[in-house]
Amino acid sequence: MLRLPHFAVHRPGSVAEGLQILAAAPHARPLAGGTDLLVAMKHGHHTDADLVSLAGLGLSGIERSDSTLTVGAGTSLWDLMRRAWPDALGVVAEAARAVAAPPLQSRATVGGNVCLDTRCWFFNQSAFWRSGRPACLKAGGDRCHVVPGGSDCHAVSQADLPPVLIACGAQAEIAGADGSRDVPVEGLFSGDGRRPHTLSSAELLLRLRIPLPPPGAGAAYEKLRMRRALDFAAASAAVYLERRDGGCARARVVLGGLGTKPLRVPEAEAALEGTELDPRALAEAAEAAVAAARPVKNTDLTPAYRRKMAGVLVRRAALRAWTRAAGEES
Amino acid sequence: MNEARKSPPKKMVVELEVNGTRHELLVEPRRTLLEVLREELGLTGAKEGCGLGACGTCTVLMDGRPVRACLTLAVEAQGASILTVEGLADTVADREPGALHPIQEAFVDAHGVQCGFCTPGMILAAKALLDEEPDPDEARIREALGGQVCRCTGYTKIVEAVKLAARRLSGEEVKA
């Protein structure tokens, strides 16, 4: 059996208590579904961490107001997928459904997926496998095995929900010792593969607020992976569009699996806005996505293929979003 | 090194209902549900394949939903109701002694079992699907079993077994 290292599990009954424990124990890590953290720990990462279970914090559930859908960070992907979503936000369930497989979706949470660690061939390996070479930057060492001589960590952001949440303009509610603050989901990502999130170790992601889209909005998510189940995104694209008088009034284009954080592509958005998504606009958006992608050789499929697919995925997602925006499901 | 690591952290009390029987156990916080099922309770139906959530042979039902027992801490299953393959047949009302669950029978009749290592996980993933959707199409069956890896039969007969189980569970009499 692959054993976990020894650790204590704290079970706070409130957010305030959870924050106190995190502030007092610098090695403590929040435990949500555990479907990624426990794998990393079995691989010999974070072996000095105690865990703070978020199960008792009451963070599960989805609420709808006139303008916003609020999703608790503890909501399971399983529940997220089974919720009836307003048409333009069906893309959130689509992305949740693209995560791993049902027995992982049942435990994995929305907050856990947003806070998913970046991944790399040289990091997501057993301690034995990794012992064959010096520790990499992400594992606390002084070198990158992907880009020899490089001083940056290129571990990839491969989570499925962040591109979709960013495309839908979602805000994240973060709680810390000084109270809570709202930041755009885009602002949660640092771009440093070693420490990919801007949250401090004493903060917790509590909720996500997704604005209810206006009529004529549509969104879609496309994911490239080796198998149709279980695998992380080798590349992905989320596109959100607002359609007005037959034209595209607003576009948001976000790539996943192609850099150290989800990549917003303003040039692709500009290429789509003001058009009727004619072939020329789609080609320009695809080109912009290809130019923005930053794949390196540290996950499935070659960087050249993943880069090329960035354009294909953006085109596919844009066309599906456009059809959905017109009120037809595709 | 963290202070807590100088000596193993204290064991914790966990209450679980497993296959209809309540248990109160004292476990190390690091113990997975799979370790407790196999090593404390002697229920070896759920297997360890990869131990990393990727193969699915440790899949059990927790409050009716399929979970990876190898990635679920026992202390996180506090208060939950667990169903393993050992308890599956007992969920059938008025079962004759020794009789299998219709899903198990369908796996036998449709030749959905070869080496058998993935079978407990396959059967429980199928049960979770059929409890929620009694008449799934093939695409839904393949999605529901998407997290279960089999290295022997090539999935076709497993999918056929789930289809057969669905028909029988809906009351249709289908011969082997």
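Residues numbered from 1 in each chain as written. Chains lettered and ligands numbered in written order. Predicted model: local features only at pLDDT ≥ 70, side-chain atom pairs only at ≥ 80, totals over all residues.

A.B. asks: Mind laying out the overall build of chain B, listing which residues take part and the relevant values?
C.D. replies: Per the secondary structure count, chain B includes 6 helices and 5 strands. Along the chain direction, N to C, the helices and strands of chain B fall in the order β-β-α-β-β-β-α-α-α-α-α. A compact globule built from 176 residues would reach a C-alpha radius of gyration of about 16 Å, and chain B, at 17 Å, matches this within 12%. Along the first, second and third principal axes, the C-alpha set of chain B runs to 60 × 35 × 25 Å. Looking at chain B residue by residue over its 176 residues, the buried ones come to 47%. Taking the contacts inside chain B whose residues are at least 6 apart along the sequence as the reference set, 58% of them involve residues at least 24 apart. (Helix = DSSP H or I, 4+ residues; strand = E, 2+ residues; numbered from the N terminus. Rg over C-alpha atoms; globule rule 2.2 N^0.38 Å. Buried ≥ 20, exposed ≤ 12 C-beta atoms within 10 Å, placed from the backbone. Contact = placed C-beta atoms within 7 Å.)

A.B. asks: Give a detailed account of the domain arrangement of chain A, specifying residues and quantitative values.
C.D. replies: Residues and elements named next belong to chain A. Once the domains are mapped, chain A shows domain 1 (1–54), domain 2 (61–115 + 156–211) and domain 3 (217–325). For domain 2 and domain 3, the distance between their C-alpha centroids amounts to 19 Å. On the side of domain 3, 27 residues touch domain 2, which itself brings 26 residues to the contact. Mapped onto the side of domain 2 that touches domain 3, the elements with two or more residues apiece are helix H4 (90–97) and helix H8 (161–167). Residue contributions to the side of domain 2 that touches domain 3 peak at 5 residues, all from H8. (Domains from an automatic or database assignment.)

A.B. asks: Lay out the sheet that holds strand E1 (residues 9–10) of chain A with the relevant residues and their values.
C.D. replies: Residues and elements named next belong to chain A. Read from one edge of the open sheet, 3 strands run E1-E3-E2, paired in parallel fashion. Of all the strands in the sheet, the pair left with one neighbour each is E1 and strand E2 (29–31). Here 2 bridges tie E1 to strand E3 (residues 51–53), and the two strands are oriented parallel to one another. Paired with Val 9 across the two strands is Leu 51, which belongs to E3. (Pairing = 2+ DSSP bridges.)

A.B. asks: Give me unusual backbone geometry: which residues, what numbers.
C.D. replies: All names here are of chain B. A positive phi is found at Asn 19, a non-glycine position, where the angle reads about 50°. Positive phi, normally seen in glycine, also occurs at His 111, with a value near 60°. Along the chain, the position of His 111 falls in the loop between helix H3 (102–109) and helix H4 (119–132). By C-beta crowding, His 111 is classed as partly exposed, having 14 other C-beta atoms within 10 Å.

A.B. asks: Before we move on, could you go through the packing of H4 of chain B against helix H6 (residues 156–169) of chain B and cite the residues and values that matter?
C.D. replies: Residue and element names in this part refer to chain B. The N-to-C vectors of H4 and H6 enclose an angle of 45°; their axes lie 11 Å apart at closest approach. Considering their axes alone, H4 and H6 lie oblique with respect to each other. Judged by the sense of rotation from one axis to the other, the crossing of H4 with H6 is right-handed. Two secondary-structure elements touch here, H4 through Met 122, Ala 126 and Leu 130 and H6 through Ile 158, Val 162, Ala 165, Ala 166 and Leu 169. The residue inventory of the contact of H4 with H6, partitioned by class, reads 8 nonpolar, no polar and no charged. (Axes fitted to C-alpha atoms, helices over the stretch in contact; angles between N-to-C directions. Parallel < 35°, antiparallel > 145°, perpendicular 65-115°, else oblique. Left-handed = near helix turned anticlockwise from the far one by under 90°. Nonpolar A, V, L, I, M, F, W, Y, C, P; charged D, E, K, R; others polar.)

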